[in-house]
Amino acid sequence: MSDSSPGGALQPLTIKRKQPLAEGIWRFELVARDNQPLPAFTAGSHIAVRTPSGAKRHYSLSNDPAETDRYELGVKVEPQGRGGSTSLVEDTREGGELMVSAPMNTFALEPAPGYILIAGGIGITPILSMARQLRREAAAFQLVYCARNAEVTAFGDELSEPDFAAHVTVHHDDGDPGRMYDFWDLFERPGKAHVYCCGPRPLMEEILGVSGHWPHGAIHFEDFATDVNPVRPDDRCFTVRRHSTGQCFPVPSDHTILETLRAAGEMLPSSCESGTCGTCRTRVVEGAVDHRDRVLSDEQRRHDIMICVSRALGDELVLDW
């Protein structure tokens, strides 16, 4: 059984292991039903996962790419998020299955004399895969991992092992901006190393600021975040009517079309839920659209809508799905 989507077919994998890694962070180990080798991946890769709630989320692989029998994910539960991570943790069990895509990589390691790896929070997941590969290859690297405290530090036990500890600095700031790690010593003099950074926006902005004098192409960021805000304080209610059946769905001011339809039992495809991937593109039959996506062309906006972020300008939209 597979689920066709713009990101490729989703295939069932078995949850071999599910365990807490740190406060609010869980490790998932996925294997094939028949324990056959999985599609190969490279360090920095991620996969799309269909959660039990129906949402599709992207998670970085944290294990060494040399391991072909499993995928390891670190999943942070986002209580204020849109329910994908909560569903993945609360509605799954070991021995169950998840539908996942083949690995994709937009954050691949490039050949370099050395590497500086920087992670913040759950951003350690792709960085750890890189570190594991570089350790196995005996390559030159150093890793700086910033987290609020030890309780929220994922993979802390492994990173403290002797063969890793020589390369790793773990920094805890206890949530105090004044205790943020000082990266200037690493970046004061441009070197030949390549830098890979994944973490919250303030961390990436800090690295961008201290690395401006480094060679072009030496600094790499992984960022799934977006400043698209699908729900705004001045949004109002409207109705979505399904063209084929006439069924109406009232959309509250504080919910998206996608959230509303999903709550009503309509299992529509989605991925980024930030208007950047195109997965939830839906045909507009009638009504004016407040387009908030970053993927549709002007021509496409005449007859399509990204229901994860966009809304109605009037009282009703007639959609075809």
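First things first, this report covers the structure right here in the doc.

About the cut-offs
- Residues numbered from 1 in each chain as written.
- Predicted model: local features only at pLDDT ≥ 70, side-chain atom pairs only at ≥ 80, totals over all residues.
- Heavy atoms only, no water.
- Pairing = 2+ DSSP bridges.
- Helix = DSSP H or I, 4+ residues; strand = E, 2+ residues; numbered from the N terminus.
- Axes fitted to C-alpha atoms, helices over the stretch in contact; angles between N-to-C directions.
- Phe/Tyr/Trp six-rings, centres within 6.5 Å; stacked < 30°, edge-to-face > 60°.
- Buried < 20%, exposed > 50% of the residue type's maximum accessible area, 1.4 Å probe, protein only.
- Lys NZ or Arg CZ within 6 Å of the ring centre and 35° of its normal.

## Notes on the sheet that holds strand β18 (residues 316-320)
(1) Moving on: If you trace the 5 strands from one edge of the open sheet to the other, you get β13-β12-β18-β14-β16, paired in mixed fashion. The open sheet has two edge strands, β13 (248-251) and β16 (304-306), and neither has a second partner. For this sheet, the mean angle separating the axes of adjacent strands, direction not counted, is 40°.

## Topic: the packing of aromatic side chains
(1) Moving on: Applying the stated criterion to the full structure yields 6 aromatic pairs.
(2) Moving on: Between phenylalanine 41 and tyrosine 71, the ring centres sit 5.9 Å apart and the planes meet at 80°, which makes this aromatic pair edge-to-face. Of the two residues, phenylalanine 41 sits in the loop between β2 (25-31) and β3 (46-50) while tyrosine 71 sits in strand β5 (residues 71-76), which places them 30 residues apart along the sequence.
(3) Moving on: A relative accessible area of 7% means that phenylalanine 41 is categorised as buried.
(4) Moving on: Among the residues examined, tyrosine 71 registers a relative accessible area of 2% and is labelled buried.
(5) Moving on: Centre to centre, the rings of phenylalanine 249 and tryptophan 321 are 5.8 Å apart; their planes meet at 55°, and the pair counts as tilted. Of the two residues, phenylalanine 249 is situated in strand β13 and tryptophan 321 in the segment after β18; the sequence distance between them amounts to 72 residues.
(6) Moving on: By relative accessible area, which is 4% here, phenylalanine 249 ends up buried.
(7) Moving on: Note on tryptophan 321: relative accessible area 18%, which makes it buried.
(8) Moving on: Ring pairs connect the aromatic residues Phe107, Tyr115 and Tyr196, which therefore count as one cluster.
(9) Moving on: Here the basic side chain of lysine 18 rests over the ring of tryptophan 26, its NZ or CZ set 5.5 Å away from the ring centre.

## Digging into the sheet that holds β5
(1) Moving on: Judged by pairing direction, the sheet is antiparallel, and its 6 strands sit side by side in the order β4-β3-β6-β1-β2-β5 without closing on themselves. Looking at strand neighbours, the two that pair on one side only are β4 (56-60) and β5, the edges of this open sheet. When strand polarity is set aside, the average angle formed by the axes of neighbouring strands in this sheet is 45°.
(2) Moving on: Sheet topology note: the β3/β4 ladder contains 5 bridges and is antiparallel. Residue alanine 48 lies in a different strand from β4, and its bridge partner there is histidine 58.

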